Amino acid sequence: ALPDPVPEEIKEDRYARLMELTARISADKLAAKIGRTLDVIIDAIDTESGGATGRSKADAPEIDGEVHLRDAGHLTIGDIVAVEIEDADAHDLFGAPRSSLA
């Protein structure tokens, strides 16, 4: 064990501040993609809502955020589609396939 360990309360405070900072950085980076078109591979289709979930080539499955699509019920898992990014939060992008844009 190392001498003079950091008190648990300080560790928790530092962790919370770090997580807040990383969420803000992620949100800013994703917000910069709004208005862009990204190629997205489709991982799941929600036939009930007509939506789909996929990821861009920069996103590792189950690690990075996802791209949530509207008007995408016609797609198939494994399709790679051009998606216009319309919105973002701290973790995910939101958009629609280019072919369904008005």
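Described in the following lines is the structure provided in the data block. Computed from a prediction, not measured in an experiment: that's the story for all the values here. (Residues numbered from 1 in each chain as written. Predicted model: local features only at pLDDT ≥ 70, side-chain atom pairs only at ≥ 80, totals over all residues. Heavy atoms only, no water.)

Section: the sheet that holds strand β3 (residues 67-69)
- Around the barrel, 5 strands lie side by side as β1-β2-β3-β5-β4; this closed barrel has mixed pairing. Strand-to-strand twist in this sheet, taken as the mean axis angle between neighbours without regard to direction, amounts to 50 degrees.
- Direction of pairing for β3 relative to strand β5 (residues 93-97): parallel, over a ladder of 3 bridges. Its bridge partner lying in β5, Leu-69 is registered against Gly-95. (Pairing = 2+ DSSP bridges. Helix = DSSP H or I, 4+ residues; strand = E, 2+ residues; numbered from the N terminus. Axes fitted to C-alpha atoms, helices over the stretch in contact; angles between N-to-C directions.)

Some remarks on the pairing of strand β1 (residues 37-46)
- Strand direction decides the pairing type here: β1 and strand β4 (residues 80-88), joined by 5 bridges, are antiparallel. Note on β4: the bridge partner recorded for Leu-38 is Val-83.
- Where β1 meets strand β2 (residues 51-56), 6 bridges bridge the pair, whose relative direction is antiparallel. When the bridges of β2 are listed, Ile-41 appears paired with Arg-55.

Considerations on the nonpolar core
- Judged by nonpolar contacts, the single largest core of 13 residues is most densely connected at Val-40, Ile-42, Val-67, Leu-69 and Val-83.
- Excluding residues that lie within four positions of it along the chain, Ile-42 makes contacts with Ala-52, Thr-53, Gly-54, Leu-69, Leu-75, Thr-76, Ile-77, Gly-78, Asp-79 and Val-81. (Core = buried A, V, L, I, M, F, W, Y, C linked by side-chain atoms within 4.5 Å. Buried < 20%, exposed > 50% of the residue type's maximum accessible area, 1.4 Å probe, protein only. Contact = heavy atoms within 4.5 Å.)

Structural notes on the pattern of salt bridges
- Overall, the coordinates contain 7 salt bridges when judged by the stated rule.
- Notably, a salt bridge pairs Arg-55 with Asp-43, separated by 2.9 Å at the nearest N-O pair. Residue Arg-55 is found in strand β2, and its partner Asp-43 is found in strand β1; the two are separated by 12 residues along the sequence.
- For Asp-43, a relative accessible area of 34% puts it in the partly exposed group.
- A salt bridge links Glu-84 to Arg-98; the nearest nitrogen and oxygen atoms lie 3.2 Å apart. Note that Glu-84 is positioned in strand β4 and Arg-98 in the segment after β5, a separation of 14 residues in sequence.
- Residue classification places Glu-84 among the partly exposed residues on the basis of a relative accessible area of 21%.
- Using a relative accessible area of 43% as the deciding quantity, one classes Arg-98 as partly exposed.
- Salt bridges sharing common partners tie together Arg-70, Asp-71 and Glu-86. (Salt bridge = Lys/Arg side-chain N within 4 Å of Asp/Glu carboxyl O.)

This is a description of form; function is not addressed.
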